[in-house]
Structures are given as structure tokens and as C-alpha cells.
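These are the residues of each chain, in order.
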Amino acid sequence: MVGSEALPSPRQHGVTKPLSLAGPSEADLLRTKKLNKFLVDAGLYETKEEAAKREEVLGRIKQIVVDWVKQLTRLRGYTDQMVEDANAVIFTFGSYRLGVHGPGADIDTLCVGPSYVNRDEDFFFVLHEILAGMEEVTELQPVPDAHVPVMKFKFDRISIDLLYGSISRLVVPDDLDISDVSVLYDVDEPTVRSLNGCRVADQILKHVPNVEHFRTTLRCLKFWAKKRGVYSNVTGFLGGVNWALLVARVCQFYPNAVPSMLVSRFFRVYTQWRWPNPVMLCAIEEEELGFAVWDPRKNPKDRTHHMPIITPAYPCMNSSYNVSTSTLRVMTEQFLFGNRICEEIELNKAQWPSLFEPYMFFESYRNYLQVDIVAANTDDLRSWKGWVESRLRQLTLMIERDTLGKLQCHPYPHEYSDPLKQCSHSAFFMGLQRKQGEVIQEGQQFDIRGTVDEFRHSVNMYVFWRPGMEIYVSHVRRKQIPSYVFPDGFRRTRLPRLVSQQTTLGSGEELSRKRKDEGERVKRESCQKRLSGSPQSCDSVSPVIVNHSCGNESKYCGIEVGCLQGEGQISSSSVVTNAVGKNDRGDSSEADSRPSVDGGDGQVFQVQPKVELGMVLNSRTAVDLEQKTVMRLGVTSTA
């Protein structure tokens, strides 16, 4: 029997002793073989040709930044020898550096330049203009105000995230040791954060017992996190480095385990982890460079972190500072789901595909916030959407703050687009529910108008704003979710729930598995009935109104959704005005032509198009209407 005896570990990895030194059994090796086959079949590995193209693109970018630095050196009057010696170095980090990237994944890159080439002007303007003029470069998007300033673009169809760090040297050698702490001498905080991506990746690989087992396990769990909707640092979940650190710690706990064992132990460990106890791969190092390191004993702000995952390179930081109370709750539930499935796999009651079933987000809540983002063209939408998405986490935090945690948010990191919109459009959704166990009086409402107003003001601080960039926020019920969010382009007909999805983890997935054939038949029949009506019936379920023409000034009237009755109903008293709007042709349209919502019992309630948020908040004549806009979110005690 393979692994019948404990295998000694050559040295201790991590800040504690391993939890187990046990090696794999024959069953573990077989499960690992099946897991590897599943990952290959899922298309998670790139071909040799794709790998070669990435190397070629990195070489091209290296030459571009070297020429850029030489050009600036010459313009600033340095000697010919300095111009000849001028250099910039390209490093990779993230999934590419860790060896877990897949087809189509972006390459996280860092450009390290000399002290006289700065980020704000030289990188985000001079280099930006150089890249913008190149035929191979598309979708160029600077994000200078991000926590880690970045320039995003595609080079010959390869996605690149390019950071810049200026170190205190006049000449940057090609063999620069990025792990040496001396690179941090006399640099600012944004540069430290930019440099630390590479430094952290190197330290992670250094601190795991078996690099190949780590890579397979990480590749598996990143795929799982994306399927379950918890892979996104920007929206308050975990990004690539966070998942890498969590997996690396489990590898330290079980140094002789194979990937199938590590995946199972991952869920076992983190369903029992007592947050906010930190996850650390090594002891936090103190250097005399003056940079703050994560230390809740000294730094009050560090005490507010919900899920600290500490980076192993100086200065040690909490890589998961974006996590909120709500997103931690969602991830904890998903860890429980993963743990339950892995237990079934070990008992031969389930197979690996069961672990990766997509999370049924739009069947898990009764109330949602829909955030629509529009722009005049695709280029404007790309930059505008990136900015708004980076602020969505703040909306979650604001709602938690203003409702004292009684209203829980589940931001969904997937992006949607309505193909019927004539303007460039993107939409994000948040699930909403009252806190479990919270005593709420009958009919009590959560008024978040002021919260959304504050969010809007923060979004409108975008320095690259252009005409046509607008944002709309509305509250929608489950039955009002627009059809375009579903893979087949139609709303799913909900089947009777065996157990409450709000209190039982994964019940939506269980119901789907048990009634898959029946569900598909019912859904398709229902879709055909809906599509047999008017051409607009597919999006009539959503009260979200985005100006389809994007060029006409259209006035919208609002609805108050504080009086929600039953599943998907809007009471007739919720209509606050009979204002006349404009249709796509610019003609006036009376109330009879407004989209309607099925109340569920054969009743149909007319729904007024909602007020455009900016109009309500900026128009002096809309003061009265503001009191009854879509921002009045009602969640009854039965929600």
C-alpha cells in the first residue's frame, strides 16, 4: 500500500508544524489521476504554441519599455553613455509566474525602471501614447488611481496587466534581484505595492513543500472559485494571490499529500478556520525601511480586517483587505459546500464534476440590486466599467454600514450585457437579504437612497469621465431578473424548493441535479410561451430602463418598490406618476405601452420606467420625485 507509512518531511514549512505527514493511499492516487484528467478535459492548460506566443509577446514588451526609457533619458539631457546604458526590466507575477495560468489568461507584468522615470507622467502618459499608437495594441485602459496602479491592454491578442516601479538606481541591470529588500530603498507606497507582486510570487514558490502538487491544487481551486462565484478581489472576494496563499498554507499543513488530498484538506481546514486569525506562510519580518507591516496590535485599522491572508514578502500586508462581512459569509458557505462534496467524493458517492457545478446565483435570493453601466462606445465602456467595478465593493460596505449589518449583500463578480441595447452596456448584480436570525418588524423597510447617492458621488469622481458614461442602480425582484443573464437567453421557471435556499447550503444545486431533465423541459416550454408574445417580452420583466438610443434626452418616471407583495409582485399603489416617456424612435409612449410584471397569480401590474439616477439627484424640479425613486428598497420580514 502506497503511503502506508508516514513519510518524513525534510524541513518544516510554515510557522507551525504540519498537521499530518501522511502520504497518499492507492485511492488517493487514483482520485488524483481522475482530478488531473478532469482539469485537462476542462481546458485549463494552454498548448505549447500558446506558451511560445506569450514568450514572444513578453520579449516585444521588453523591447518597447527599453526604447521608452532610452527616449526619456535622451530628452532629459543625459550623456550618450547614459542613454546607451539606460534600461528597464520586465518581471512577471501572478498566475503566470506561479505556473497556473490557462488559455486566454492575462499576464501580470511589472516594468522596473530607473529613478528618473516616474509613474504619473512618464508611464501613464508617455508610454501610454506609445502603446496607443501601436497596431498590435488594443483595448488600452489606464487605471492610475487603483490601489496598485496598472495599465491594461491586449498585445497581439494577449491580455497584459502592466505595472510600473521606479527604483532608486540610475541604471537597472538585467539581472536585478527583485527579492532583495534593497529594491525597496527610497520608494513610495504605490511602488512597494507594485514591486511586491513579484516578490510575493517568488516567496510562495519558496515556501511550499512540493511545487507541482501546489500548482495542480491551486489550478483546481481557482477553477472552483470561478464556478462558485467567489473569485474576484475587486468585488470583495479573493483574487489569484489570495487563493495561492490559502493553498500554499494547506500544502504546508500536509507536506506529503497529493492534489486530491490537498483539495479535500483545503475545504476541511477553511471550514474550521477561526477568522480573523491570519493565514501566514512565514513569520512577519520587521525591517528598518519604515514601511508599515500588518500588525493588529499596533495598527487599529488592521483589527478591522475580516479575513487576513498575509503576504510572505516584506513589507508583509493583508492581501485580502477587500473582504467584507457579507463576502466572508458567502465564502464560508461555499467552503462548506466544497467540504461536503469532497467528503462524498472520498466515499465514492460523487465524482469531481459535482464539485464544480456553477452556483445558481439568480435562484438564491428574492431581492437584487442591478447596476447598469452605459457608455457611448465600447472603448468608453471598457474604462468606465473598470472604474465602476472597482467601486462596487464600496457599495457593499456602505449598505452594511447604513443598515447596521441587517441587510446582507452578495455582489456577484460576473458581468452581463444586454445584446438588444443599442448603446454599449454592462450590468452587475448584488443579491440582498436580511441577516439570518435578525428580528425585524412586519413591513419594516431598508431605505438605502442616501447610500446609493453617496455611491454615485464616489463613482462620479472618475477623472476620465466622458459624455455618455452613465450609471443606473435599481432594485429588482427575482422574477424581474432580465433574460439576458441566463445562458440560454430566457428566464428559468422556478421549481418548488425542497428546502429553503436561504438557509440550506447548496440546495439549489441539489435540486438541479435531482430534477435536471424535468427542469429543462419546463424551462423550454415556458420560454416558448414568453417568446410567442411581443419581441420585447424578453426584457419586459426588468424595470431597468437604460436609454436604448443613448443619444436622445429621455425622461423617466420612478417607481417605489417599498410595497412588495408576494413573489415578484409590485402593488398598484407603487406607481407614483403617469409621466410620458420616449420609445426608441423618440415618439411619446403612453402608460399602456409600459412593460409589465406578472404577479404570479394571473395578476399583471404595470411598471413605470424608473427614474434615471443622475436626473433625480441633479434636477431641482425632481425634489418631490426623489422621495419615491427606485432607491427606496423594501425588504419585508418574510424576504
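This one's a predicted model, so the numbers in the text were calculated from it and none came from an experiment. (Residues numbered from 1 in each chain as written. Predicted model: local features only at pLDDT ≥ 70, side-chain atom pairs only at ≥ 80, totals over all residues. Heavy atoms only, no water.)

Draft legend 1. Local environment of the nonpolar core. If you look at the biggest cluster of nonpolar residues, it comprises 94 residues, and the most contacted ones within it are Phe214, Trp224, Trp243, Phe266 and Tyr270. With nine residues, helix α8 (residues 240–253) is the single largest residue contributor to this core. Leu58, Ala86, Tyr116 and Met151 belong to the second largest nonpolar core, which has 30 residues in total. (Core = buried A, V, L, I, M, F, W, Y, C linked by side-chain atoms within 4.5 Å. Buried < 20%, exposed > 50% of the residue type's maximum accessible area, 1.4 Å probe, protein only. Helix = DSSP H or I, 4+ residues; strand = E, 2+ residues; numbered from the N terminus.)

Draft legend 2. View of unusual backbone geometry. Of note, the bond from Trp275 into Pro276 is cis; its omega dihedral lies within 30 degrees of zero at 15 degrees. Here Pro276 is to be found in the loop between α9 (259–272) and α10 (325–346). Note the cis peptide between Tyr314 and Pro315, where omega equals -5 degrees. Positionally, Pro315 belongs in the loop between α9 and α10. Although it is not a glycine, Arg157 sits at a positive phi angle of roughly 75 degrees. Residue position: Arg157 is located in the loop between β4 (150–155) and β5 (158–166). Arg157 gets classed as exposed once you look at its relative accessible area, which sits at 63%.

Draft legend 3. Molecular detail of the packing of helix α1 (residues 26–41) against helix α7 (residues 211–227). Relative orientation of the contacting elements α1 and α7 amounts to 55 degrees, with a least axis distance of 11 Å. Between α1 and α7, the angle is such that the two are oblique. In the crossing of α1 with α7, the sense of the turn from one axis to the other is left-handed. Facing α1, whose interface residues are Leu35, Asn36, Phe38 and Leu39, α7 presents Thr216, Cys220 and Phe223. Of the residues contributing to the contact of α1 with α7, the split by class is five nonpolar, two polar and no charged. (Axes fitted to C-alpha atoms, helices over the stretch in contact; angles between N-to-C directions. Parallel < 35°, antiparallel > 145°, perpendicular 65-115°, else oblique. Left-handed = near helix turned anticlockwise from the far one by under 90°. Contact = heavy atoms within 4.5 Å. Nonpolar A, V, L, I, M, F, W, Y, C, P; charged D, E, K, R; others polar.)

Draft legend 4. Molecular detail of the pairing of strand β3 (residues 137–143). In terms of strand pairing, β3 meets β4 through five bridges, oriented antiparallel. In the strand pairing of β4, Val143 is matched with Val150. (Pairing = 2+ DSSP bridges.)

Draft legend 5. Structural view of the packing of aromatic side chains. Within this structure, the stated rule accounts for 35 aromatic pairs. Ring centres 6.1 Å apart and planes at 35 degrees place the aromatic pair Trp243 and Phe266 in the tilted group. Here Phe266 lies in helix α9 and Trp243 lies in helix α8, a separation of 23 residues in the sequence. On the basis of relative accessibility, which here comes to 0%, the residue Trp243 falls in the buried class. (Phe/Tyr/Trp six-rings, centres within 6.5 Å; stacked < 30°, edge-to-face > 60°.)

Draft legend 6. Representation of the confidence of the model for the protein chain. Residues of the protein chain with pLDDT of at least 70 account for 74%, and the chain-wide mean is 79. pLDDT under 50 marks residues 495–516. Its contacts with residues more than four places away, or in other chains, come to 41 contacts. Confidence over residues 518–639 falls short of pLDDT 50; this stretch has 238 contacts with residues more than four positions distant or in other chains. (pLDDT = per-residue confidence, 0-100.)

Draft legend 7. Highlighting empty space enclosed by the protein. Going through the model one piece at a time under the given rule, you end up with six cavities of 30 Å³ or more. Size it by volume and the largest cavity reaches roughly 100 Å³. Along the wall of the largest cavity there are 13 residues; nearest its centre are Pro142, Val143, Pro144, Trp387 and Tyr462. Elements that contribute at least two residues to the lining of the largest cavity include exactly β3 and α11 (378–402). In terms of residue count, the dominant contributor to the lining of the largest cavity is α11 (four residues). (1 Å grid on protein atoms, 1.4 Å probe; cavity = no way out; pocket = protein on both sides within 12 Å on 5 of 7 lines; lining within 4 Å. Points joined across faces, edges and corners; volume = space filled by probe spheres on them.)

Draft legend 8. Seen up close, the pairing of strand β2 (residues 107–113). Within β2, seven of the seven residues are buried, which leaves it mostly tucked inside the rest of the structure. Neither face of β2 is left uncovered, since the one carrying Ile107, Thr109, Cys111 and Gly113 and the one carrying Asp108, Leu110 and Val112 both have all their residues buried. Examined bridge by bridge, strand β1 (residues 89–93) and β2 share five bridges and lie antiparallel to one another. Across the sheet, the residue bridging to Phe93 is Asp108, located in β2. Bridge analysis of β2 against β5 gives seven bridges, and the strand direction is parallel. Residue pairing across strands places Val112 opposite Gly165, the latter belonging to β5.

Draft legend 9. Region of interest: the pattern of salt bridges. Evaluation of the coordinates by the stated rule reveals 26 salt bridges. With its nearest N and O atoms 3.5 Å apart, the salt bridge here joins Asp418 to Lys421. Judged on exposure class, the residue Asp418 and its partner Lys421 are both buried. Sharing partners across several salt bridges, the network here consists of Glu139, Lys154, Asp379 and Arg382. (Salt bridge = Lys/Arg side-chain N within 4 Å of Asp/Glu carboxyl O.)

Draft legend 10. Highlighting the side chain of Gln141. Within the secondary structure, Gln141 sits in strand β3. There is a polar contact of 3.5 Å between the side chain of Gln141 and the backbone oxygen of Arg382. Not counting residues within four places of it along the chain, the set of residues in contact with Gln141 comprises Val150, Met151, Lys152, Arg382, Ser383 and Gly386. (Polar contact = N/O pair within 3.5 Å; in protein donor to acceptor, adjacent residues only side chain to side chain.)

Draft legend 11. Structural context of the sheet that holds strand β7 (residues 407–416). In spatial order, the strands read β7-β8-β6-β9; together these four strands make up an open sheet with antiparallel pairing. The open sheet has two edge strands, β7 and β9 (470–477), and neither has a second partner. Direction aside, the axes of adjacent strands within the sheet are offset by 20 degrees on average. Two elements, strand β6 (residues 367–375) and β9, share eight bridges in a ladder whose sense is antiparallel. Within β9, the residue paired with Asp372 across the bridge is Tyr472.

Draft legend 12. Spotlight on α1. For α1, spanning 16 residues, the distance from its first C-alpha to its last is 23 Å, which sits close to the expected 22 Å at 1.5 Å a residue. Listing the buried residues of α1 in full gives Asp28, Arg31, Thr32, Leu35, Phe38 and Leu39. Each buried residue of α1 lies within a common arc of 120 degrees when the element is viewed along its axis, so the set occupies one face. Exposed residues lying more than 90 degrees from the buried face of α1 are Lys33, Lys37, Val40 and Asp41. Packed against the buried residues of α1 are α7, α9 and α10. Within two residues after α1, Gly43 carries a phi angle of roughly 75 degrees, on the positive side. (Expected span 1.5 Å × (residues − 1). Arc of directions from axis to C-beta.)

Draft legend 13. Spotlight on the sheet that holds β2. Pairing within the open sheet is mixed, and its five strands lie in the order β1-β2-β5-β4-β3. With partners counted over all chains shown, the strands left at the sheet margins are β1 and β3, one partner each. The mean angle between the axes of side-by-side strands here comes to 25 degrees, regardless of whether they run parallel or antiparallel. In this sheet, β5 lies alongside β4 in antiparallel orientation, the contact comprising five bridges. Its bridge partner lying in β5, Phe153 is registered against Ile160. With respect to the sheet, helix α6 (residues 189–207) is in contact with β1, β2 and β5, its orientation differing from that of β1 by roughly 60 degrees.

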